[in-house]
Amino acid sequence: MFYGDKAKFSGALTFNSGLKDQRVSIPTGEDSVDQSNRVNQMMLLSLQYSPFSYWFANVTFRMPVREVNKYSPDFRYSFGYDDWHPNTFSLVYGNYGDNRFFPTSDNRRTYPEQGSWTFAYKFTLPKAVEKHLLLQKGDAMTCQVGTTWVPRFYSLEANDRLKNKHVLLGGCGYSFVQHYFIRFTAFYYPDSSQQQPWDADYTYSFGYSAYKPGTFSIQYNNYSGTRYPWHKDSNANFREGTISLIYYIPF
């Protein structure tokens, strides 16, 4: 599956910055951590291999802008099948946890069982509905519904690793004249006790992207633990989000 002379490589270099001071922890040794209040800023290098069709494998290396040492960089990875066209299915595994090149004492480099499997379906709205939502000719809207399964997850209440977390998701993305975009995704937890303080009710992003090698993108993303206003722990703080400046590397 991952072999052939039609393999395609792509990459992106990103500067990512928070919008306010927050508690940041950076490992400085096997048993030591530096903690301070600061604006969290990171440099990211993302590399992706797409052997054919819409199969892919992606790894992203992350390094803090300040206080760099061999323990501070981490990485995230994903793979699967993801066709961006409407009326298609996707199946993606993603591990966005604390994966370390040099793990601290008693920790592994990565925990594959704590990654998530997401099965989703992309679609367009009926023309009779879409015509009332699109603002101008050339705009487009694509929606998605799906489900995520996490084999093992950390529960704050239990202070332990529990099994089989399930999440339902649905959302839409709107593109203005192909390059400007806004996206919104909502989540539902069938077992509400599985939702942790950092698990969002919804996420959103907007920005500009040309999606071509050699071009830049600027985006705002809010994937923090946002809550609906009617929840007792409601939170929709705009400054919890991050600003990203992305350069798509021309291989």
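Scroll up to find the structure this text is about.
Notes on the structure follow.

About the criteria used
Residues numbered from 1 in each chain as written. Predicted model: local features only at pLDDT ≥ 70, side-chain atom pairs only at ≥ 80, totals over all residues. Heavy atoms only, no water. Salt bridge = Lys/Arg side-chain N within 4 Å of Asp/Glu carboxyl O. Buried < 20%, exposed > 50% of the residue type's maximum accessible area, 1.4 Å probe, protein only. Phe/Tyr/Trp six-rings, centres within 6.5 Å; stacked < 30°, edge-to-face > 60°. Helix = DSSP H or I, 4+ residues; strand = E, 2+ residues; numbered from the N terminus. Lys NZ or Arg CZ within 6 Å of the ring centre and 35° of its normal. 1 Å grid on protein atoms, 1.4 Å probe; cavity = no way out; pocket = protein on both sides within 12 Å on 5 of 7 lines; lining within 4 Å. Points joined across faces, edges and corners; volume = space filled by probe spheres on them. Nonpolar A, V, L, I, M, F, W, Y, C, P; charged D, E, K, R; others polar. Pairing = 2+ DSSP bridges. Axes fitted to C-alpha atoms, helices over the stretch in contact; angles between N-to-C directions. Contact = heavy atoms within 4.5 Å. Polar contact = N/O pair within 3.5 Å; in protein donor to acceptor, adjacent residues only side chain to side chain.

### A look at the pattern of salt bridges
The full count for this structure, using the stated rule, is nine salt bridges. Residue Asp34 pairs with Arg38 through a salt bridge whose shortest N-O separation is 3.1 Å. Residue Arg38 is classed as buried on the basis of its relative accessible area of 8%. Residue Arg100 is joined to Asp98 by a salt bridge in which the shortest nitrogen-to-oxygen separation is 2.7 Å. Among the ionic contacts, a cluster of salt bridges with common partners joins Asp34, Arg38 and Glu67.

### So, the packing of aromatic side chains
The full count for this structure, using the stated rule, is 25 aromatic pairs. Pairing Tyr93 with Trp117 gives two aromatic rings, centres 5.0 Å apart and planes at 55 degrees, and the pair type is tilted. One end of the pair, Tyr93, is in strand E5 (residues 88-100); the other, Trp117, is in strand E6 (residues 116-123), and 24 residues separate them in sequence. You can call Tyr93 buried: its relative accessible area is 4%. Assessed through its relative accessible area of 33%, Trp117 is described here as partly exposed. Here the aromatic cluster, defined as three or more aromatic residues joined through ring pairs, consists of Phe184, Tyr202, Tyr204, Phe206, Tyr220, Tyr228, Trp230 and Phe238. Geometry around Phe102 places Lys70 over its ring, the cationic atom sitting 4.9 Å from the centre.

### What to know about the layout of surface pockets
The computed volume of the second largest pocket comes to approximately 240 Å³. Along the walls of the second largest pocket sit 13 residues, with Gln195, Asp201, Arg227, His231 and Asp233 positioned nearest its centre. The residue makeup of the lining of the second largest pocket, split by class, is five nonpolar, four polar and four charged.

### Things to note about the sheet that holds strand E12 (residues 242-249)
Taking strand neighbours around the barrel as the criterion, the twelve strands line up as E1-E2-E3-E4-E5-E6-E7-E8-E9-E10-E11-E12 in a closed arrangement whose pairing is antiparallel. Each neighbouring strand pair of the sheet contributes to a mean axis angle of 20 degrees, computed without reference to strand direction. Inspection of the sheet shows strand E8 (residues 160-176) paired to strand E9 (residues 180-188) by nine bridges, in the antiparallel sense. Following the sheet pairing, Tyr174 is matched in E9 by Ile182.

### Topic: the pairing of E9
Linking E8 back to E9 in an antiparallel pair, the connection comprises three residues, with Val177 at a positive phi of about 40 degrees. For E9 and strand E10 (residues 202-209), the ladder comprises seven bridges, and the chain directions are antiparallel. Pairing of Ile182 across the sheet is with Phe206, part of E10.

### With respect to the environment of Tyr223
Summarising the element assignment, Tyr223 is placed in the loop between strand E11 (216-222) and E12. Accessibility expressed as a relative area gives 56% for Tyr223, which makes it exposed. Note: C-alpha distance between Tyr223 and Thr203 (20 residues apart in sequence) is 5.2 Å. In this structure, Tyr223 is in contact with Thr203 and Ser205, ignoring residues within four places of it in sequence. Polar side-chain contacts of Tyr223 include one of 3.1 Å to the side chain of Asn221.

### Section: the pairing of strand E3 (residues 55-64)
Here E3 shows a buried face lined by Phe56, Asn58, Thr60, Arg62 and Pro64 and an unburied face lined by Trp55, Ala57, Val59, Phe61 and Met63. Looking at chain direction, strand E2 (residues 32-50) and E3 are connected through eight bridges and run antiparallel. Residue Met42 lies in a different strand from E3, and its bridge partner there is Pro64. Hairpin connection of E2 to E3: four residues between the antiparallel strands, including Ser53 at a positive phi of 50 degrees.

### A look at the environment of Val59
Relative to the helices and strands, Val59 resides in strand E3. Taking the C-alpha atoms as reference, Val59 lies 23 Å from Arg183; in sequence the two are 124 residues apart. Sequence-distant contacts of Val59, defined by excluding residues within four places in its chain, comprise Leu45, Ser46, Leu47, Arg76 and Tyr77.

### Some words on the environment of Thr88
Counting through the fold element by element, Thr88 comes out in strand E5. Residue classification places Thr88 among the buried positions, given a relative accessible area of 14%. Taking the C-alpha atoms as reference points, Thr88 and Leu125, separated by 37 residues in sequence, lie 14 Å from one another. With residues up to four places along the chain from it excluded, the contact list for Thr88 reads Asp83, Ala120, Tyr121 and Lys122.

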